[in-house]
Amino acid sequence: MEILTGLLIIAAGSFGQSSSYVPIRKVKAWSWESFWLVQGFFAWLIFPLLGALLAVPEGHRLVEVYAANPGATLWTIFFGILWGIGGLTFGLSMRYLGIALGQSIALGTCAGLGTILTPLFTGRPGDLTMPVIAGVAVTLAGIAVIGYAGSLKSATLSEEEKKESVKDFHFTRGIMVALSAGFMSACFSIGLGFGEPLCFTQTADIYKTLPATLMVTLGGFVTNAAYCFYQHAKNRTWSDYGQTGLYVNNLFFCALAGALWYSQFFGLSLGKGFLSASPVLLTFSWCILMALNVTFSNVWGILLKEWKGCSKQTIAVLIAGLLLLVFSSFLPELLK
C-alpha cells in the first residue's frame with residue numbers, strides 16, 4: 001500500500017504540472033517574456049522556498065543546510081542553471097508542436113537521460129539495475145510511439161488545420177527544439193542527485209529533497225530571468241508591468257500556473273518518501289514522473305482539441321503510446 005500511495009502522490013503532482021500551461025492562456029495583453037518571468041517567480045522561487053521550509057526542523061534555519069554543504073549546494077545550482085536552458089527551449093517546443101506533442105518529446109528525452117545520467121554523474125552506477133533500464137526502455141518506446149503519432153498528424157492535416165490547433169506549428173523545427181529541451185532538462189534530476197546531502201537528519205523522508213529542489217529551481221530562475229530581461233530590452237516590453245489594471249488577473253493566473261508546475265516536484269518528494277522500501281522505484285521515480293507528465297499532457301492535448309481532425313489510426317497510435325507509458329511506471333517493480 002505504501003508503494004501504491006507513493007505512486008499516486010507522484011501522479012497527482014504530475015497532473016498538476018501537466019495542467020500548469022492552461023492558466024497561462026488566461027494571462028491578458030502581456031508579452032511572452034513578461035508572463036514567463038512572473039510565473040517563473042512563483043514556480044521557481046516562491047513555492048519551492050515554501051516547500052523547502054517544510055524540511056526545516058524546529059530550532060533550525062534553512063540556510064544552515066546550505067552552509068554545511070557548500071560544494072553540493074554549488075553543484076546543485078549549476079545543474080539548475082543548465083536545466084534553466086532546457087526550460088526556455090521547453091516553452092518553444094510547445095509553441096511549435098502544441099502541449100501534447102511538445103511535452104511528449106521533451107519530457108521523454110528528459111525521462112530517459114535523467115534516470116540514466118544521474119547515477120553515473122553522482123558515482124552510483126550500481127543503481128542502474130536491469131529493472132530500471134527495462135523501465136527506461138519501455139518509457140522511451142512509448143515516447144517514440146507518441147512521436148510517430150505526431151508525424152502522422154503532421155502528414156495528414158492541412159496547413160490550415162495545423163494552425164487551427166497550434167498557431168505556430170512546425171514539426172521539424174519543433175522536434176529539434178524538443179530534443180534539445182529534453183537533454184538540458186535532464187539536468188534537474190542530476191541536480192537533485194548532487195543535492196542529496198542538502199537535508200537535515202531529523203527531516204521526514206517525504207520532505208528531504210525539497211531543499212535541493214529549491215537550489216535547482218534557483219539556478220533555473222537565474223537563467224530564465226536573464227533571458228527575459230534580454231527580451232524586454234530587445235522588444236521594449238518593460239511597459240507590460242505598467243498596466244496595473246491587469247495585475248489582479250495576470251498575477252492570479254501566473255501564480256496558479258507556478259503552483260501547478262511546482263506540484264510535480266513537491267509530489268515527487270512526498271511520493272519518494274513512501275517508496276523507501278523499493279530502491280528500484282526510488283531510482284526510477286524520475287522516469288515515472290516524466291512518463292506521467294507526458295500522459296497527462298496528452299490528455300490535455302485531446303481536451304484542447306490539438307488532435308482534432310486526425311484519423312482514427314493516428315488516435316489509435318497515440319493511445320498505444322500512452323498505455324506503454326502507464327505500463328512503464330509499474331514495470332521495474334514487476335521485474336525486480
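Everything here concerns the structure above.
Residues numbered from 1 in each chain as written. Predicted model: local features only at pLDDT ≥ 70, side-chain atom pairs only at ≥ 80, totals over all residues. Heavy atoms only, no water.

S.K.: Sorry if this is basic, but what is going on with the overall build of the chain here?
M.R.: Regarding its fold elements, the chain presents twelve helices and zero strands. Starting at the N terminus, the α and β elements of the chain follow one another as α-α-α-α-α-α-α-α-α-α-α-α. Its C-alpha radius of gyration of 20 Å places the chain within 12% of the 20 Å reference for a compact globule of 336 residues. Contacts in the chain between residues far apart in sequence, at least 24 positions, make up 86% of those at least 6 positions apart. Within the structure as shown, the chain displays about 14300 Å² of accessible surface, and the carbon and sulfur contribution to it stands at 71%. (Helix = DSSP H or I, 4+ residues; strand = E, 2+ residues; numbered from the N terminus. Rg over C-alpha atoms; globule rule 2.2 N^0.38 Å. Contact = heavy atoms within 4.5 Å. Areas by Shrake-Rupley, 256 points an atom, 1.4 Å probe, with all protein chains shown as cover.)

S.K.: So what exactly am I meant to see when it comes to helix H1 (residues 2-19) here?
M.R.: Here H1 spans 26 Å end to end across 18 residues, near enough to the 26 Å set by a 1.5 Å rise per residue. Turning to H1, its buried residues are Gly6, Leu7, Ile10, Ala11, Gly13, Ser14, Gly16, Gln17, Ser18 and Ser19. (Expected span 1.5 Å × (residues − 1). Buried < 20%, exposed > 50% of the residue type's maximum accessible area, 1.4 Å probe, protein only.)

S.K.: Which parts of the structure should I look at to understand the layout of surface pockets?
M.R.: The gaps of empty space that remain are located by a probe, the size of a water molecule, rolled over the atoms. Space inside the second largest pocket adds up to approximately 610 Å³. Lining the second largest pocket we find 26 residues, and of these Arg124, Glu196, Thr209, Lys272 and Leu282 sit closest to its centre. Mapped onto the lining of the second largest pocket, the elements with two or more residues apiece are helix H4 (70-121), helix H8 (187-194), helix H10 (247-273) and helix H11 (279-303). Per-element accounting of the lining of the second largest pocket gives the leading share, five residues, to H11. Its residues assigned to classes, the lining of the second largest pocket shows eight nonpolar, twelve polar and six charged. (1 Å grid on protein atoms, 1.4 Å probe; cavity = no way out; pocket = protein on both sides within 12 Å on 5 of 7 lines; lining within 4 Å. Points joined across faces, edges and corners; volume = space filled by probe spheres on them. Nonpolar A, V, L, I, M, F, W, Y, C, P; charged D, E, K, R; others polar.)

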